[in-house]
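# Report on the structure
The residues making up each chain are set out below.
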Amino acid sequence: MPEFAPLLRELNEYYPLAGHVITADAGHTVKAHATLICEKLLAHYVFTVKCNTKKLWEELDALDWKSVPVQHETRENGHGRRERRTIQVMDVPEHVRDRFPHARQAGLIERYVTRTVRARKGKRWVRKQVRSAVAVFIITSLSAREAAASHLAGYIRGQWTIENKVHYARDVTYREDASRVRTGPRPRIMATLLNLAIGLIRQAGYTKIAATIRQIKYDTPLLIAVLGLKNPS
């Protein structure tokens, strides 16, 4: 992601990032970003680790997680689903520190979800439960004295909230993955426009993006309100 580092440098000029914690998804988990954040910006990072950084993922996966107790757990119910999240955290060993700059702690986050869905059984529709489990690793420059397991879980939850509110809306509502705009700077321009549209809708107080878009087609006052303009009537 070549735009990530310049974006942080530019942001730092207007709003100093020293002492702040920067979260990012797995696509940004690279050594250069860790070095920039800790050494140039004097901040901290909490990164997600997936198989795109294979060696680092393998080293974290090989750690003795079975001996580490669950240090923080949350449970949520709503919208036809039950969700349980757990996090285990340990200080990273020396060989992980050598591989990834300024690493101090690593974590294993597991999410268990039970959803109630409707499925056809013969000529009838019935409700059934579908269970899923997802596990991810995280790595951070924060030491155990600077961030406990509950703090790290909060940082990652905040990052996932961004993923759900922005990327999910772009992928599902706007069908970004099916876009035929694929070359040059045009995909970045389209992503910026989609982020702007989603941000305007949310800033106007509407949380259901797809429903609001459908209503805007036939509701000019709503469009004016979302754009933040004064209604001439």
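The structure we're discussing is the one just above.
So, a few notes on the structure that sits alongside this text.

Reading the values: the criteria
Residues numbered from 1 in each chain as written. Predicted model: local features only at pLDDT ≥ 70, side-chain atom pairs only at ≥ 80, totals over all residues. Heavy atoms only, no water. Phe/Tyr/Trp six-rings, centres within 6.5 Å; stacked < 30°, edge-to-face > 60°. Helix = DSSP H or I, 4+ residues; strand = E, 2+ residues; numbered from the N terminus. Buried < 20%, exposed > 50% of the residue type's maximum accessible area, 1.4 Å probe, protein only. Pairing = 2+ DSSP bridges. Axes fitted to C-alpha atoms, helices over the stretch in contact; angles between N-to-C directions. Contact = heavy atoms within 4.5 Å. Core = buried A, V, L, I, M, F, W, Y, C linked by side-chain atoms within 4.5 Å.

### Observations regarding the packing of aromatic side chains
Counted by the stated rule, this structure contains five aromatic pairs. Ring centres 5.8 Å apart and planes at 75° place the aromatic pair tyrosine 45 and phenylalanine 100 in the edge-to-face group. One end of the pair, tyrosine 45, is in strand β2 (residues 44–49); the other, phenylalanine 100, is in the loop between α4 (94–99) and β5 (105–121), with 55 residues separating them in the sequence. A single burial state applies to tyrosine 45 and to phenylalanine 100, both of which are buried.

### Some details on helix α2 (residues 31–40)
All of the buried residues in α2 are His33, Ala34, Leu36, Ile37 and Cys38. Leucine 42 occupies a position one or two residues after α2 and carries a positive phi of about 60°.

### Here we look at the sheet that holds strand β1 (residues 21–24)
Overall, mixed pairing links the six strands, which are arranged β1-β2-β6-β5-β4-β3 in an open sheet. A strand with exactly one partner marks an edge of an open sheet, and here the two such strands are β1 and β3 (72–78). When the angles between neighbouring strand axes are averaged without regard to direction, this sheet yields 20°. As defined by bridge partners, strand β4 (residues 81–91) adjoins β5 across 11 bridges and the pair is classed as antiparallel. Its bridge partner being in β5, isoleucine 87 is matched across the sheet by isoleucine 109. Sitting on the sheet, α2 is in contact with β1 and β2, with an inclination near 160° to β2.

### Describing the nonpolar core
Within the largest apolar cluster, 29 residues are counted, with the highest numbers of intra-cluster contacts made by Tyr45 and Ile139. At the level of secondary structure, the elements contributing two or more residues to this core comprise α1 (4–14), β1, α2, β2, α3 (54–61), β5 and β6 (124–140). In this structure tyrosine 45 touches Ile22, Ala34, Ile37, Cys38, Phe100, Pro101, His102, Ala103, Ile139, Thr140 and Ser141, once residues within four positions along its chain are discounted. Within the second largest apolar cluster, 12 residues are counted, among which are Val46, Val136, Ile138 and Leu142.

### Regarding the environment of arginine 99
With respect to the secondary-structure elements, arginine 99 resides in helix α4. Along the sequence, arginine 99 and threonine 220 sit 121 residues apart, while their C-alpha atoms lie 56 Å from each other. Among residues more than four places away in sequence, those in contact with arginine 99 are Lys31, Lys55, Leu56 and Glu59.

### Examining unusual backbone geometry
Its identity as a non-glycine residue notwithstanding, leucine 42 has a phi of 60°, on the positive side. Within the secondary structure, leucine 42 is located in the loop between α2 and β2. Leucine 42 gets classed as exposed once you look at its relative accessible area, which sits at 56%. Non-glycine residue histidine 102 carries a positive phi angle of around 65°.

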